[in-house]
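# Tertiary structure, described
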Amino acid sequence: MAVSTRRLQKELADIKRDGTPVGITLLSAEDFATWYLSVEVLGNTVYEGEKFALKFRFDGQYPISAPAVQFVVDDTYQAPVHPHVYSNGHICASILGSEWSPVLSVVSVCVTIQSMLASCKVRPAIPYPRVRGRSEH
């Protein structure tokens, strides 16, 4: 069994046993290639009352390599208007690239993104940065 499969089995078992932090919900984890989770920022924030979906894609090197994570942009969900989120859902966050560590997990990435959104005090007037074309999901 691949290391990535063992690790994802453990993370999924932990989520099913312990649940997720407040505001984070597992939407789908039907295989060990793609998972979907929702993130809601709680409290008095510019995103109050909004729920976003994240798509996690894992390769065979996870957790050595970071998962590909982006906000879902479709008929149900939109990417948040945020300086570190492109309009197609791609996220600019160091933990998803050069600062990735194998000790991080799906839940810890969700918490980090939740915190990133909560720390935004002013919503940009226009979506920033804009990307032309439809998001892949």
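Heads up: these notes are all about the structure in this document. Every residue gets a number counted from 1 within its own chain, in the order that chain's sequence is written. A pLDDT threshold of at least 70 governs which residues receive local features in this predicted model, and a stricter bar of 80 or more applies before side-chain atom pairs are shown or counted, although totals over entire chains, interfaces and linings include all residues. To obtain the side-chain values, all non-hydrogen atoms of the structure were included, while hydrogens and water were left out.

### Let's talk about the overall build of the protein chain
Within the protein chain one finds two helices and four strands. Starting at the N terminus and ending at the C terminus, the protein chain contains elements arranged as α-β-β-β-β-α. Burial analysis of the protein chain (137 residues in total) assigns 41% to the buried set. Counted over contacts in the protein chain with a minimum sequence separation of 6, partners at least 24 positions apart contribute 55%. Throughout, the Shrake-Rupley method with a 1.4 Å probe supplies accessible areas, and for residues the shown protein chains are the sole cover considered. Summed over all atoms, the accessible surface of the protein chain reaches about 7,600 Å², with 53% contributed by carbon and sulfur. Numbering goes from the N terminus for both helices and strands, where a helix is a DSSP run of H or I of at least four residues and a strand is a run of E of at least two. Relative accessibility under 20% of the residue-type maximum defines a buried residue, over 50% an exposed one, and the middle range a partly exposed one, all with a 1.4 Å probe and only protein chains included. Any two residues having at least one pair of non-hydrogen atoms within 4.5 Å are treated as being in contact.

### Re the sheet that holds strand β2 (residues 34-40)
At least two bridges found by DSSP between two strands is the condition for calling them paired. With respect to topology, four strands assemble into an open sheet ordered β1-β2-β3-β4, the strand pairing being antiparallel. One side of each edge strand has no neighbouring strand; the edge strands of this open sheet are β1 (24-28) and β4 (68-71). Adjacent strand axes in the sheet meet at a mean angle of 25°, parallel and antiparallel pairs treated alike. Inspection of the sheet shows β1 paired to β2 by four bridges, in the antiparallel sense. Pairing of L26 across the sheet is with L37, part of β2. Comment: axis = line fitted to C-alpha atoms, over the contacting stretch for helices; angle = value between 0 and 180 degrees taken between N-to-C directions. Contacting β1 and β2, helix α1 (residues 3-18) crosses the sheet at an angle of about 40° to β2.

### Considerations on helix α2 (residues 106-118)
Expected span, for any helix, means 1.5 Å times one less than how many residues it has. Between its first and last C-alpha atoms α2 spans 18 Å; for 13 residues at 1.5 Å apiece the expected length is 18 Å, and the two agree. For α2, the set of buried residues is V106, V107, V109, C110, I113, Q114, M116 and L117. Packing partners of the buried residues in α2 comprise α1, β1, β2, β3 (51-57) and β4.

Just geometry here; none of it tells us what the structure is for.
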